[in-house]
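The chain contents come next:
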Amino acid sequence: QVQLVESGGGSVQAGGSLVLSCAASGRTFSNSAMGWFRQAPAKEREFVAAFGWSGGTFYTNAVKGRFTISRDNARSTLYLQMNNLTPEDTAVYYCAAELSGNLLEARYWGQGTQVTVSS
C-alpha cells in the first residue's frame, strides 16, 4: 500500500522558515515525478514545486527564490525548504507522487500538513 506522509508544518511569523518532509512507503518513487501542492482556505489546490520526470525542478512564480524542493532517494523522502514566508503562503501543503505530464495532477497524494504564517 502506497503512503505519502507529510510532516513539518506549523505556525510561523512572516519572514520565517519551515521545512516540510514527505516520507514515501509502499514502493519506490526514485524515478518518479514528485512535488508539492497547496490549498488555501476557499481556494483551489495549486501547484507549488516539483521534480519533473526528467529530474528537473519546477516552481510556481510565487515561490521562486524562496522555496527549494529536494529529495533523498535513499530515505524515500521529499522535502520543501520554505524561506521568507508570507501570510499568502498559508495553506495546507500536500505531497504528491507520479505526477502527470503537465505536473498538475498526481496518482498518489499525502494527507496534507498545515502551514500558517502570521503577519
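Remember, it's a predicted structure, so these values are computed and weren't measured experimentally.

So, how was this worked out
Residues numbered from 1 in each chain as written. Predicted model: local features only at pLDDT ≥ 70, side-chain atom pairs only at ≥ 80, totals over all residues. Heavy atoms only, no water. Core = buried A, V, L, I, M, F, W, Y, C linked by side-chain atoms within 4.5 Å. Buried < 20%, exposed > 50% of the residue type's maximum accessible area, 1.4 Å probe, protein only. Contact = heavy atoms within 4.5 Å. Disulfide = S-S within 2.5 Å. Helix = DSSP H or I, 4+ residues; strand = E, 2+ residues; numbered from the N terminus. Polar contact = N/O pair within 3.5 Å; in protein donor to acceptor, adjacent residues only side chain to side chain.

Asker: Break down the nonpolar core for me, citing the residues and quoting the values.
Answerer: Ranked by size, the top nonpolar core spans 27 residues in total, and within it Leu4, Trp36, Leu80, Met82 and Tyr93 carry the most contacts. Setting aside chain neighbours within four positions, we find Leu80 in contact with Leu18, Val19, Leu20, Trp36, Val48, Ala49, Phe67, Thr68, Ile69 and Tyr93. Counting residues in each nonpolar core, the second largest holds 8 residues, with Phe37, Leu99, Leu103 and Ala106 among its members.

Asker: Report on the state of the cysteines, specifying residues and quantitative values.
Answerer: Inspection of every chain in the model, using the stated rule, returns 1 disulfide. The partner cysteine of Cys22 in its disulfide is Cys95, sulfur to sulfur 2.0 Å. Since a negative S-S torsion denotes a left-handed disulfide, the Cys22-Cys95 link at about -75 degrees is left-handed. Highlighted residues: Cys22 in strand β3 (residues 18-25) and Cys95 in strand β9 (residues 91-99), separated in sequence by 73 residues.

Asker: Could you give me a rundown of the side chain of Thr113, with the residues and numbers involved?
Answerer: If you trace the backbone, Thr113 turns up in strand β11 (residues 113-118). The buried category is assigned to Thr113, whose relative accessible area is 11%. From its side chain, Thr113 meets the backbone nitrogen of Gly9 in a polar contact 3.2 Å long.

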